[in-house]
Amino acid sequence: MESNGKDDLKVPLLRPADGVIATPSVTDRRKDDKVRSISFRVSDIKCASCAVSIESAVGKLSGVESVLVSPLQGLAAVTCIPELINARKIKECIEEAGFAVLEFPEQDIVVCRLRIKGMTCTSCSESVERALSMVDGVKKAVVGLALEEAKVHYDENITNTNRIIEAVEDAGFGADLITTGNDLNKVHLKLEGVNCPGDAAVIQTTIESAEGVNEVEMDLAEEKVVIAYDPDLTGPRSLIRCIKEASHGSKSYNASLYIAPRRRESEQQEEVRMYRNQFLLSCLFSAPVFVFSMVLPMLHPYGNWLEYKVYDMLSIGMLLRWILCTPVQFVIGRRFYVGAYHALRRKSANMDVLVALGANAAYFYSVYIMIKALTSDKFEGQDFFETSSMLISFILLGKYLEIVAKGKTSDALAKLTDLAPDTACLVKLDNDGSVISEEEISTQLIQRNDVFKILPGSKVPVDGIVITGQSHVNESMITGEATPVAKRPGDKVIGGTMNENGCLLVKATHVGSETALSQIVQLVEAAQLARAPVQKLADRISRFFVPTVVVVAFFTWLGWFIPGLIGLYPKWWIPKAMDGFELALQFGISVLVVACPCALGLATPTAVMVATGKGASQGVLIKGGDALEKAHKVKTVVFDKTGTLTIGKPAVVSAVLFSSYSMEEFCDLATAAEVNSEHPIAKAVMEHTKRLRRKFGASTDHNAKVKDFEVHPGAGVSGRVGEKVVLVGNRKLMQASNVPIGCEVQDYISENEQMARSCVLVAIDGKIAGAFAVTDPVKPEAGRVISFLHSMGISSIMVTGDNWATAMAISKQVGIQKVFAETDPIGKADRIKDLQTRGTIVAMVGDGINDSPALVAADVGMAIGAGTDVAIEAADIVLIKSNLEDVITAIHLSRKTMSRIRLNYVWALGYNVLGVPIAAGILFPFTGIRLPPWLAGACMAASSLSVVCSSLLLQSYKKPLDVHDSQEPNYCPKSA
C-alpha cells in the first residue's frame, strides 16, 4: 500500500467470491425483524376477481401476514414470517391458483461463517460440506479442515443460520456461528437500567428512530442490544448517547460497549486442556495395565502374585487389567465411539472408525478370553487389555500434540489481529483547529471523521488522514517495510502502525471492518479457508482410504490365521502365551490403527494457513490456495509500466507551444479537458498547469466547463470547451482523430522519447497547439527484481499504452528484453492470452483500472497495493507496500509452500505405504520384528504431528532478496 499519499485507503479488499453477491434485505427490518415483505410479478391478472383469487389462496398459507395484489401493475406484495414460510412456497401457491410468476424475488444471498467442532480428517470436512450443501437454500459451502471453519452462502428467503447449524449437528459435529454477512457494521452494547419489557421497548423505539440505524436486536435476558448501522450517518458513541437520552423521570438508562470473548482462542485452549486431561486420566489407568501385563511378569518373583487364580483359570492380573482397562475403553474413549457412529450414519468413515474397530477387537477378544478362563479350569489364553487401553492413550497424546501444533499455524493471523490498540485519545477541536478537550475511549467506539491524537510510541487506532503534526511512522507490521515513513498533513496512516517521534492529529477515514488491517485479516482468513487444487489428491484418497484399510486388516488377519491353522509356518514363530489366532488378531489390529487418514487431510491446509499468514506479515496478501499453487508454476511475468515499474507519480518537466495561443490560454483549455480524467499523467498535467497559471497570476480554482467529454483508453481524452474541440493525449489519439503532426512536433516527440519521457499532445480544433513532456522515474528496485527473476528462470515482459520510444528507453533501464507498447487495456489481456496459448504460465503485475482485464486474464494477477480498487479486486495477490521485490517474494513463497506440501504428502503417503506392510507383519518371518497395536497407535498419532510440524517450518521463511543481496549481479540502472 502506498505509504505516503493522499488517496483514500483502498477498501474493501474483499468481495463475495465466485459471483455470489450479498444483497440487503428487501424490507426495512428495523420495525420487526421477524416480518418480511416479498414482491412477485404475476401474469394473467385480468381483473379484480383474479387479484382476489390470489389474495385468498396465498392468505391461507401459514406464516403469511398480508397479501396485496395490483391488477394494473401485475404485482403481488406478500408480508410473511420467514421462519414459517419462504418465497418458493408462495410462488408455488400462486402457480397452483392458475397464474404464472414471471419474476421471482432476487435471492438475498448472505454469507455466514461457522466454527466447526469435531473434524479430524478430510473425510470429516467433506461430510460437513455435503451436509451443508443439502440444506435447502444453501448456494455454496466451503469447509476448512485446518481452520476448523465453514463459509456458507445461503438465501435468506429460504433458510437461516439456525437451520444451517442444525444440519451440521445432525451430521455429528458441533457448530457455532462466528459472523453473518450482516455483521460488518454492527455494534454490541451492554445495557444498564433495563429491568422489564417496557424498558426494552422504550430503548428499542428510541434507537430505531435514530438516523442511520438499520436493525435492532434486543436480548432482555442478557441485557444486551445489537445494532446494525450506517457508518456514514452514525456510530457507536452516538448510539450510546441516544440510549442515555431515552432516560425519563426516575428511569435512567446507560450503555457500554460489549466486547465478546475471543471464542476461537478460548475454544482452542479448552480443546488443548480437554485432550491433555483425557490423556493424563487415561495414563492413570493405562500405566498400571502396562506394568501388570508387560513389566511385572518378567520380574520374578515380584510378579508372581499376578498369576494367583481368583476363580478357575481367572488370575488376579487378568481381573485387574479388565477393571483398569474398561474406563479407558468406554469412558475416556467415548469420543471415538461417538465419532465413529456419526461417520457410519452418514455413510462415510474416518479415523474414529479405525480406532474404534481396533480398540474393540482387542478389548472384546480379551473379554472373551476372560470369560473362558472364568468358566474353565483348564483353559489358558492371553488377553490384550493393554493393547486397547494403551492404543487409546497414545492416540489421545498424539491429538493433544497435534492440536497444540495446529494452534501455532495461525500465529501470524493472531498477531495481525492484535496489532490495533485497545484505546485511543479522542480530541475535540474549535473552529481554529485548537484542541479544546481530550478523552480516552475504546478504539471500537471511534467513528468516521473523529479526530484523535497519537503520541510518540503509540499505535494508530484506525485508518485516517494526518491533519496536524509531523512524524515518522513504522509500518513494518502491515507492509513489512522496516524503514519508518515520514508523515505530514494530508498523508494517510494505517491502523495498527506505530508512531515513532512526533505528535499527530489524525482524522478517521475508515473504522471497524473497513480499516486496512481488518481487510487484511478478512483476506487472510478467506485465503486459509479456500481449498488449493492440490488438496483434491487427499480428497480422492480419503473417499476409499478407511474402507480399504479395513479390508486390508481383515485379509491380514486371514492371511496369518489360515496358514497358522494348517501349519504353513513353524509354531516357534508364535510368541509364548499366544496361539495362531491371537497372533493374527494382533497383526490385523495393528493394520487398523497404524493407517492414518488425518495426515493426508492436514498436508495441504496447514501449509496454506502458515504460508498465507507469513505472506501477510511480509506484505504479500495471497487470496487463496489456488493463487498460491499457480504462482509456483509462473514462467513469465508481465509488468505494466506506469505505477508498476515506475514510481507512478509522473511529473511534467517541460511545456511548449506550437501555435499562436498564449501559454495561459493553452493551460486553461488543457486543464478543462483533463479535469475529469483519473490517469496519473492527467493529474501531472493538471498540477503543472496550476503552477503555470499561478505564475501568470491567474486563478487556479476556476476551470472552464467541458462538454462531450470522452475517454479514449490507452490514448487520451477529448471534449468540447466552449466552442473549441480539445484533444489531450498521445500520438495515437492524434492519428485516430486525423490531426496532422508536423516536423517540429515530431522532432520534439523524438527528442523526449529518447530520454524516456512521454509527450502529451494538445490539439485545439484539429491542430496541435502545444505539448507537455512527462517523466516518471523508474523504481530503484526494478532492475534488481528483473535480474533476480531471470536467475529464477522467469522471463520478464513489459506491456504499456505508452509510445514505443519511451517504452524501449524504460526497458533498457530495467533490463527487460521484450516490450509491447501502445497497447490498450484489451490489447494487454490479448497479449497475455497469446503467451498462454504457447503453454506459458503467466503472471501480470499492474496497478490501474486499465490493467484489470490483463490481471483477470493472467494465471496469477498481482496488484500493487497503492493501485485502484478495481485492480486490487481483479488480482489474486496484493502487494501491500508497492515494492516490486514482493513479486519475487510471492513466487518464491509459493514455491517453498508447494515444496512443503509435496514433502507433507511424502510424509503422509510414505508413512502409510511403509507402516501398513510392517504392521501386517511383512518383516516378521525374516527378522522377528512386529508392530504391537499400542505402538502402531503411537505411530499413527506421530504421523499427523509430523505433517503439522513440517508445515510450521514455513514460519522461518525469509525473503529471497534479503538472503541473496550479497550475491546480486552487478547491476546499476541508468538515470532517467
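Residues numbered from 1 in each chain as written. Predicted model: local features only at pLDDT ≥ 70, side-chain atom pairs only at ≥ 80, totals over all residues. Heavy atoms only, no water.

1. Here's the deal with the sheet that holds strand E5 (residues 109-117)
Next up, step 1: The antiparallel open sheet is built from four strands, whose spatial order is E6-E7-E5-E8. Every other strand in the sheet has two partners, leaving strand E6 (138-144) and strand E8 (174-180) as the edge strands with one partner each. Strand-to-strand twist of the sheet, defined as the mean angle between neighbouring strand axes without regard to direction, takes the value 25°.
Next up, step 2: Of the strand pairs in this sheet, E6 and strand E7 (residues 149-155) are connected by six bridges, and their pairing is antiparallel. Bridging across to E7, Ala141 finds its partner in Val152.
Next up, step 3: Contacting E5, E6 and E7, helix H3 (residues 122-133) crosses the sheet at an angle of about 165° to E6.
Next up, step 4: Against the sheet, helix H4 (residues 161-170) touches E5, E6, E7 and E8, its axis set at about 150° to E8. (Pairing = 2+ DSSP bridges. Helix = DSSP H or I, 4+ residues; strand = E, 2+ residues; numbered from the N terminus. Axes fitted to C-alpha atoms, helices over the stretch in contact; angles between N-to-C directions. Contact = heavy atoms within 4.5 Å.)

2. Points about the packing of helix H8 (residues 316-332) against helix H10 (residues 351-374)
Next up, step 1: Interaxial distance between H8 and H10 falls to 11 Å at its minimum, and their mutual angle equals 150°. Here H8 is positioned roughly antiparallel relative to H10, judged by the angle of their axes. Once H8 is placed against H10, the crossing between them reads as left-handed. Here H8 contributes Met318, Trp322, Cys325, Thr326, Gln329 and Phe330 to the contact with H10, which in turn contributes Ala359, Asn360, Tyr363, Phe364, Val367, Ile369, Met370 and Ala373.
Next up, step 2: Here the residues of the contact of H8 with H10 sort into eleven nonpolar, three polar and no charged. (Parallel < 35°, antiparallel > 145°, perpendicular 65-115°, else oblique. Left-handed = near helix turned anticlockwise from the far one by under 90°. Nonpolar A, V, L, I, M, F, W, Y, C, P; charged D, E, K, R; others polar.)

3. A short note on the pattern of salt bridges
Next up, step 1: For the coordinates displayed, the defined rule picks out 14 salt bridges.
Next up, step 2: Residues Asp626 and Lys630 are paired through a salt bridge, measuring 3.9 Å at the closest nitrogen-oxygen approach. Of this pair, Asp626 and Lys630 both sit in helix H18 (residues 625-631), four residues apart, which is roughly one turn of the helix.
Next up, step 3: A residue is classified by how much of its surface remains accessible, and Asp626, at 35% relative accessible area, is partly exposed. (Salt bridge = Lys/Arg side-chain N within 4 Å of Asp/Glu carboxyl O. Buried < 20%, exposed > 50% of the residue type's maximum accessible area, 1.4 Å probe, protein only.)

4. Comments concerning the pairing of strand E32 (residues 795-799)
Side-chain positions along a regular strand alternate between the two faces of the sheet.
Next up, step 1: The element E32 is extensively covered by neighbouring structure, given that four of its five residues are classed as buried.
Next up, step 2: In this sheet, E32 lies alongside strand E25 (residues 636-640) in parallel orientation, the contact comprising five bridges. When the sheet's bridge partners are listed, Phe639 is paired in E32 with Met798.
Next up, step 3: Pairing of E32 with strand E33 (residues 818-820) involves three bridges; the strand directions are parallel. Each bridged residue has a counterpart across the sheet, and for Val799 the counterpart in E33 is Phe820.
Next up, step 4: Taking the sense of rotation as the criterion, the β-α-β connection linking E32, helix H25 (residues 804-814) and E33 turns out right-handed. (Right-handed = clockwise from strand over helix to strand, strands pointing away.)

5. A short note on the pairing of strand E12 (residues 254-257)
Next up, step 1: By the alternation rule, side chains of E12 split into Ala255 and Leu257, which are all buried, and Asn254 and Ser256, of which none is buried.
Next up, step 2: Relative to E12, strand E9 (residues 186-192) is paired through four bridges, and the arrangement is antiparallel. What sits directly across from Leu189, in E12, is Leu257.

6. Details of the nonpolar core
Next up, step 1: Counting residues in each nonpolar core, the largest one holds 125 residues, and the members touching the most others are Val637, Phe639 and Ile877.
Next up, step 2: At twelve residues, the largest contribution of residues to this core is made by helix H29 (residues 885-919).
Next up, step 3: Counting residues in hydrophobic clusters, the runner-up holds 37 residues, among them Leu189, Ile227, Tyr229 and Val466. (Core = buried A, V, L, I, M, F, W, Y, C linked by side-chain atoms within 4.5 Å.)

7. A look at unusual backbone geometry
Where the residue is not glycine, phi is negative for most of them; where a peptide bond is considered, it is trans in most cases.
Next up, step 1: Positive phi values are uncommon outside glycine, yet Asp708 reaches one of about 55°.
Next up, step 2: Along the polypeptide, Asp708 turns up in strand E27 (residues 706-712).
Next up, step 3: Looking at Asp708, the relative accessible area reads 59%, which means it is exposed.

8. A word on the sheet that holds strand E26 (residues 651-657)
Next up, step 1: Reading across the sheet, the six strands line up as E26-E31-E30-E29-E28-E27 and stay open at both edges, with antiparallel pairing between neighbours. In the strand order of this sheet, the two ends are held by E26 and E27, each with one partner. Strand-to-strand, the axes of this sheet are offset by a mean angle of 15°, without reference to chain direction.
Next up, step 2: In terms of strand pairing, strand E29 (residues 724-729) meets strand E30 (residues 758-764) through four bridges, oriented antiparallel.

9. A short note on empty space enclosed by the protein
Next up, step 1: One pass over the full model with this rule turns up five cavities of 30 Å³ or more.
Next up, step 2: Forming the walls of the second largest cavity are Lys641, Thr642, Pro650, Ile681, Ala756, Ser758, Val774, Thr775, Asp776, Asp802, Thr806 and Ile810.
Next up, step 3: Secondary structure elements with two or more residues in the lining of the second largest cavity: helix H19 (641-645), strand E31 (767-775) and H25.
Next up, step 4: Residues of the lining of the second largest cavity, tallied by class, amount to five nonpolar, four polar and three charged. (1 Å grid on protein atoms, 1.4 Å probe; cavity = no way out; pocket = protein on both sides within 12 Å on 5 of 7 lines; lining within 4 Å. Points joined across faces, edges and corners; volume = space filled by probe spheres on them.)

10. Description of the environment of Ala532
Next up, step 1: Within the secondary structure, Ala532 is located in the loop between helix H14 (516-529) and helix H15 (535-566).
Next up, step 2: A sequence separation of 73 residues divides Ala532 from Pro605, and the C-alpha atoms of the two residues are 7.9 Å apart.
Next up, step 3: In this view, Ala532 contacts Thr604, Val608, Gly625, Asp626 and Glu629; residues no more than four positions away in its chain are not counted.

11. Section: the packing of H15 against H29
Next up, step 1: At their nearest, the axes of H15 and H29 sit 13 Å apart, and the two run at 15° to each other. With respect to their mutual orientation, H15 and H29 come out roughly parallel. Between H15 and H29 lies a crossing whose hand is left-handed. Listed contacts from H29 to Gln535, Leu537, Ala538, Ile541, Phe545 and Val552 of H15 are Tyr905, Leu909, Asn912 and Val916.
Next up, step 2: Grouping the constituent residues of the contact of H15 with H29 by class yields eight nonpolar, two polar and no charged.

12. With respect to the packing of aromatic side chains
Next up, step 1: Within this structure, the stated rule accounts for 23 aromatic pairs.
Next up, step 2: Ring centres 5.2 Å apart and planes at 10° place the aromatic pair Trp557 and Phe561 in the stacked group. Of this pair, Trp557 and Phe561 are both found in helix H15, four residues apart, which corresponds to roughly one turn of the helix.
Next up, step 3: Three or more aromatic residues joined by ring pairs make a cluster, and in this case those are Tyr365, Tyr368, Phe554, Phe555, Trp557, Phe561 and Phe581. (Phe/Tyr/Trp six-rings, centres within 6.5 Å; stacked < 30°, edge-to-face > 60°.)

13. Thoughts on the environment of Ala857
Next up, step 1: Mapped onto the fold, Ala857 is located in helix H27 (residues 852-857).
Next up, step 2: Since its relative accessible area comes to 18%, Ala857 is described here as buried.
Next up, step 3: C-alpha separation for the pair Ala857 and Ile832, spaced 25 residues apart in sequence, amounts to 6.9 Å.
Next up, step 4: With near-sequence residues (within four places) excluded, Ala857 lies in contact with Ala829, Ile832, Lys833 and Gln836.

14. A few points about the confidence of the model for the chain
Next up, step 1: The share of residues in the chain with pLDDT of 70 or more is 90%, and the mean pLDDT across the chain is 81.
Next up, step 2: Confidence drops under pLDDT 50 across residues 1-33; counting only partners more than four residues distant or on other chains, this segment forms 97 contacts.
Next up, step 3: In the model, residues 963-976 has pLDDT below 50 throughout and makes 18 contacts with residues more than four positions away in sequence or in other chains. (pLDDT = per-residue confidence, 0-100.)

15. Regarding the side chain of Thr509
Next up, step 1: Note on placement: Thr509 falls in strand E23 (residues 504-510).
Next up, step 2: Within polar-contact distance, the side chain of Thr509 engages the side chain of His510 at 3.1 Å.
Next up, step 3: Ignoring any residue separated from it by four or fewer positions in sequence, one finds Thr509 in contact with Arg448, Asp463, Gly464 and Ile465. (Polar contact = N/O pair within 3.5 Å; in protein donor to acceptor, adjacent residues only side chain to side chain.)

16. Comments concerning helix H20 (residues 663-674)
Next up, step 1: Taking 1.5 Å per residue as the helical rise, H20 with its twelve residues ought to reach 16 Å, and the 16 Å between its terminal C-alpha atoms agrees with that figure.
Next up, step 2: Of all twelve residues in H20, nine are buried, a share of seventy percent or more.
Next up, step 3: Considered for burial, the residues of H20 that qualify are Met663, Phe666, Cys667, Leu669, Ala670, Thr671, Ala672, Ala673 and Glu674. (Expected span 1.5 Å × (residues − 1).)

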